[in-house]
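Coordinate analysis (summary)
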Amino acid sequence: MLSPFPLPTPHARFRDTVEAWMRQFQDWLCQQLETTDGPGRFREDAWQHHSGGGGRSRILTAGAIIEKGGVNFSAVEGQMSEQAARVLLMPDPNYFATGVSVVQHPRSPRVPISHMNVRYFEAGNGEAWFGGGLDLTPIYVDVEQARWFHEQIAEVCQRHSPAYYERFKQWADEYFYIPHRQETRGIGGIFFDRLIVGQEADADSLFAFVRDVAEVYGRTYTTLLRQNAGLPYTEPQKQWQLVRRGRYAEFNLAIDRGTRFGLETGGRTESILMSLPPQAEWHYNLQPEPGTAEFDTQRWLRKGVDWLSAQPTPTTAC
């Protein structure tokens, strides 16, 4: 059973309210993951940003289920370089940004990799927006679990706007895509960026949506950890996990905008790259054999899958 989800404490400035909640959410999520994992405990590394603010990086590396997991909080401000502001489409180089970024790499190939991010930006000209999303990267696609995962997200989206799930699910399909591999990173989820306060909705409504996205991540992922952690696996399945981790690393290093933002703004390298797996492998022209579970998983890694109605196909089980 999850402990109560943190509610925001009002502050004089809206940005301070959001920042304080992000801190609370980091505490809450770490507690949920530690409770689920058992012996694993996050260690904290507090840091300061060179231009203002800082963060708390929390890393778990000795878990029974999680081999390497990170739950990072940051609240930074300053002025970007002209190049960075142009690349990131910032309307003003002065900025404030706060958020929580999460990546979990389990030990078992039967447990999916997961990612979640929620963030709030303010530019120097007063423009403000929210962004975020969550997605799942199974080493072996379990269609029933994938459908359940998307159902939970769709229900959250529906509470805020009937259009959100389809809109942000499609955005995730496009964003979490590895063009040089012509495959998605996993089974997707939702992704949204630049939900501008006053255009998309008012600040309180957008903040409430972002909080619900964060909550559904904690609830669904801890459920999947408990369901899958005890499933048996073989050494060949572990090798396939290392290959899929390699694809995950390719996306994060070559494509992910959050990684680019952190590096472009002089962020803390260790915190930015905490999303990378502890081990990964690359094999020349590796092609799974037809009829195998690896081949079947590869077939699901494409844009446009309707996960809410997806059905298992007659395939080789893990």
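Quick look at the structure, then. Not measured: the values here are computed from a predicted model. (Residues numbered from 1 in each chain as written. Predicted model: local features only at pLDDT ≥ 70, side-chain atom pairs only at ≥ 80, totals over all residues. Heavy atoms only, no water.)

So, on to helix 9 (residues 293-300). Note that an α-helix has 3.6 residues per turn; residues three or four places apart therefore point the same way. Those residues of helix 9 lying buried are A293, E294, D296, T297 and W300. Relative to the axis of helix 9, the buried residues are bounded by an arc of 160° and lie together on one face. Packed against the buried residues of helix 9 are helix 3 (143-160) and helix 6 (235-254). (Buried < 20%, exposed > 50% of the residue type's maximum accessible area, 1.4 Å probe, protein only. Helix = DSSP H or I, 4+ residues; strand = E, 2+ residues; numbered from the N terminus. Arc of directions from axis to C-beta. Contact = heavy atoms within 4.5 Å.)

On to the nonpolar core. What tends to happen in soluble globular proteins is that the nonpolar side chains get buried as a cluster. V118, L134, I190 and F209 are the most contacted members of the largest nonpolar core, which has 56 residues in total. The leading source of residues in this core is helix 5 (residues 203-228), at eleven residues. Those residues in contact with I190 that lie beyond four places of it in its chain are G132, G133, L134, I153, C157, Y165, F168, K169, A172, F176, F209 and V213. Residues W47, A85, L88 and I196 belong to the second largest nonpolar core, which totals 14 residues. (Core = buried A, V, L, I, M, F, W, Y, C linked by side-chain atoms within 4.5 Å.)

With eleven of its 14 residues buried, strand 3 (residues 66-79) lies for the most part within the structure. Strand direction decides the pairing type here: strand 2 (residues 53-60) and strand 3, joined by eight bridges, are antiparallel. Across the sheet, residue G54 finds its bridge partner in strand 3, namely A75. The turn linking strand 2 back onto strand 3 is made up of five residues. Sheet topology places strand 3 next to strand 4 (residues 94-106); 13 bridges connect them, and they run antiparallel. Residue K68 lies in a different strand from strand 4, and its bridge partner there is H105. (Pairing = 2+ DSSP bridges.)

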